[in-house]
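Descriptive structure summary
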Amino acid sequence: MADPYQNNIHHQGGGDSYGSYGEGGGHDGYGFREDFPPQEEDAASDVTEGHDEEDQTYEGEYQGIPHPDEEKAAQRAARAKARSAGSVVSELEELSEQYEDIMEDCGHGKFQWTLFMVLGLALMADGVECFVVAFVLPSAEKDLCLSNAEKGMLGLTVFLSMMVGAFLWGGLADKVGRRRCLIVALAINCVFGFLSSFAQGYGFFLFFRLLSGVGIGGTVPIVYSYFSEFLQMDKRGEHLSWLCMFWMIGGIYASFTAWGIIPRYGWGFSMGTEFQFHSWRVFVLVAALPAIGSLVGLTFMPESPRFLLENAKHDEAWMILKLVHDTNWRAKGQPEKVFTVTHIKTPKTAEDELIEIQSATGTAVQRWAVRSLTLSKLVMKNVASLLSAQLRSATLLMAIIWFCMAFSYYGLSVWFPDMIKHLQHEEYESRVKVFHRERVENFHFNFSLENQIHEEGEYIHDKFISIEMKSVKFERSLFEDCHFEDIKSTDTVFENCTIRSTVFYNTDLWEEKFIDCKMENTTFEHNKQGCHLDTAEENDVLIYLVSFLGSLAVLPGNIISALFMDKIGRAKIIGGAMLISAGCTVFLFLSFSQSAIIALQCLFCGVSVAAWNGMEVVTVELYPASKRATAFGLLNALCKLAAVLGSSIFTSFVGKTKAVPILLSFAALVCGGLVALRLPDTRGKVLQ
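1. Things to note about helix H20 (residues 659-676)
The terminal C-alpha atoms of H20 lie 26 Å apart, and with 18 residues this matches the ideal 26 Å at 1.5 Å per residue to within 8%. Among the residues of H20, Pro661, Ile662, Ser665, Ala668, Leu669, Gly672, Gly673, Val675 and Ala676 are the ones counted as buried. Looking at the buried residues of H20, the elements they touch are helix H14 (392-430), helix H17 (570-586), helix H18 (594-622) and helix H19 (628-651).

Here you go:
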């Protein structure tokens, strides 16, 4: 079989020859040679025939505008001068400089935009995951018979599982590979997300969503690390910021599809009473589509060449870099442009080699156990290195910023809709009808009862047949010789009532709905078992509308941060956005209506998104390639922990006081913003 790398020649001598183009490599690298038949002097390709490069005039020449190639050459010369003027440069620093030169030669074009869309779908899937449980809970709580404690556990599980996933996959991506880990993580999310839509019990649904969250948790740290390693320095800040927009698109997609699917109760089927597939389960399936799309796209994408170079896989890295170069220049109409890189610096990475057991030694399980243990040790060693003398300051600063931002953002993101529901509930209660000491005898109730309180009433020989009771309370009332049949109830209770000689037939009035009641000769027949979906009740579309508007509101912030990321600087973008967001929270003291809260939520989301974009860009740039995904995963895991704490604390004050959540978010944002201003400026610096 022919050697696919037969053009690769390893030169044993000749010095270092760093950064050589079109020449043989040195002892630390690999040279590449391509044999072409000699061309005649006046031979020309079809593309360049009749086109004399010397006759070309650059359009900006007479305007004093330097040619882009001249600017790149000047930048390279400046970097080379800085290297020669400085102290001894390490092999990894030389690799970073050369890699930047190679990416500039490859250009920014079709390959990066294709990867942008594929990774954008993965980021979109992460955004969708944050909304799925919140959107399905109103329907799932009836379908799965969820208590308040179980609902809280389900919401908590999403963020905790994503926290575990971020730490796990971020660490593995630096040792196993960005593309490989992202494919596995998305596959786990797709499989268990699909299974969760068919889970009929709370236990299975919780378990499947837990594993789904572990999978999707790895997308954010891997996506940004992966994409940044295909970008040249002057494109990095802007295009990483554009990539952030897909998280917003994920929120819009989740809100829009939930709004269009969940209220359609007819979009489902059932197989007897044991298997129910309602519309909210259809939404869970649709929510997995972005992850599936990204998973399919990744099968056509290569591994990060920077990761391969860090792990001494130079042949593979060279082939991928050549693919990027040829794809971009072919799409620009210059297929004749040749990839001239012949030598790439070789860092020493012997200490990171995984321990393998010979295939003839031990069992397959033993070999897998040793490899897994060794990999775990390498990952934990990488995590510990984030607190080394060189990285300690950056890690602590970024940890404070990530925690403060996530605590405030996610805390308020949960507090906003809960406050709206609280205001709705207060308005609903203000319209309650109170009936005091009414006496109803021999009456047939054939109409629904809603938002009523009946105190000290007497109901003699009455019939309650085929009606709905919503938010109805009977207090200290007497029911004698009454008949309840085909009753559907929501938030209905009987408290301190006396019930005599009464029959309950095919109702959902269970024992827990009778509080301190006295039962005398009362019969319950064919009571409805389990929970049911109220198909007649309209789903509250406000929850979808609020999420949709909140996601859409970040569009201006995304655009502004992308355009000014390289002009203003990452630290100023983060610090300024967090401090302005802190100012926005003060206006929450003036929010006394639903519309005011929605408007302030949109304002807060629109401003704070610039801080998120800056944080993600600077996190990529502060850490070397061998620790980039690990650091991002650790910080993203801390973000999810802060989200759990923020949402738990803020929701506990809903209906009690607004001051505590507002002051907590204000303090956290000011603290994070001031710390962000102390970050180093990473603009114009080569990716480590």
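Read on for the rest.
2. Digging into the sheet that holds strand E15 (residues 498-500)
With parallel pairing, 5 strands are arranged side by side in an open sheet as E7-E10-E12-E15-E18. The sheet terminates laterally at strand E7 (439-441) and strand E18 (518-520), the two strands that pair on one side only. Sheet twist, expressed as the average angle between the axes of neighbouring strands with direction ignored, equals 5°. Here strand E12 (residues 478-480) runs beside E15; their pairing, made up of 3 bridges, is parallel. Looking across to E15, one finds that Leu478 is bridged to Thr498.

3. Quick notes on the confidence of the model for the protein chain
For the protein chain, the average pLDDT comes to 80, and 80% of its residues sit at 70 or higher. Here strand E1 (residues 8-9) stands out as the least confident element of the protein chain, with mean pLDDT 38; helix H10 (residues 289-298) is the most confident, with 94.

4. Observations concerning the environment of Leu285
As for its position among the elements, Leu285 is in helix H9 (residues 279-287). Separated by 87 residues in sequence, Leu285 and Phe198 have C-alpha atoms that sit 9.4 Å apart. Not counting the four nearest positions on each side in its chain, Leu285 is found in contact with Phe194, Ser197, Phe198 and Phe277.

5. Examining helix H12 (residues 314-331)
Two residues of an α-helix separated by three or four positions point the same way, owing to the 3.6 residues in each turn. Compared with the 26 Å implied by 1.5 Å per residue over 18 residues, the 26 Å span of H12 between its first and last C-alpha is a close match. Turning to H12, its buried residues number three or more, namely His314, Ala317, Trp318, Ile320, Leu321, Val324, His325, Asp326, Thr327, Asn328 and Trp329. Downstream of H12 by a residue or two, Gly333 has a phi angle that is positive, lying close to 85°.

6. Comments concerning a nonpolar patch on the surface
Taken together, Leu552, Leu555, Ile559, Ile560, Leu563, Phe564 and Ile568 make up a surface patch of nonpolar side chains, about 550 Å² in accessible area. The element best represented in the nonpolar patch is helix H16 (residues 554-568), accounting for 6 residues. For Leu552, the position within the fold is in helix H15 (residues 542-552).

Thresholds applied
Residues numbered from 1 in each chain as written. Predicted model: local features only at pLDDT ≥ 70, side-chain atom pairs only at ≥ 80, totals over all residues. Heavy atoms only, no water. Helix = DSSP H or I, 4+ residues; strand = E, 2+ residues; numbered from the N terminus. Expected span 1.5 Å × (residues − 1). Buried < 20%, exposed > 50% of the residue type's maximum accessible area, 1.4 Å probe, protein only. Contact = heavy atoms within 4.5 Å. Pairing = 2+ DSSP bridges. Axes fitted to C-alpha atoms, helices over the stretch in contact; angles between N-to-C directions. pLDDT = per-residue confidence, 0-100. Patch = residues over 30% accessible without salt bridge, like charges linked within 9 Å, V, L, I, M, F, W, Y side chains within 5 Å. Areas by Shrake-Rupley, 256 points an atom, 1.4 Å probe, with all protein chains shown as cover. Salt bridge = Lys/Arg side-chain N within 4 Å of Asp/Glu carboxyl O.

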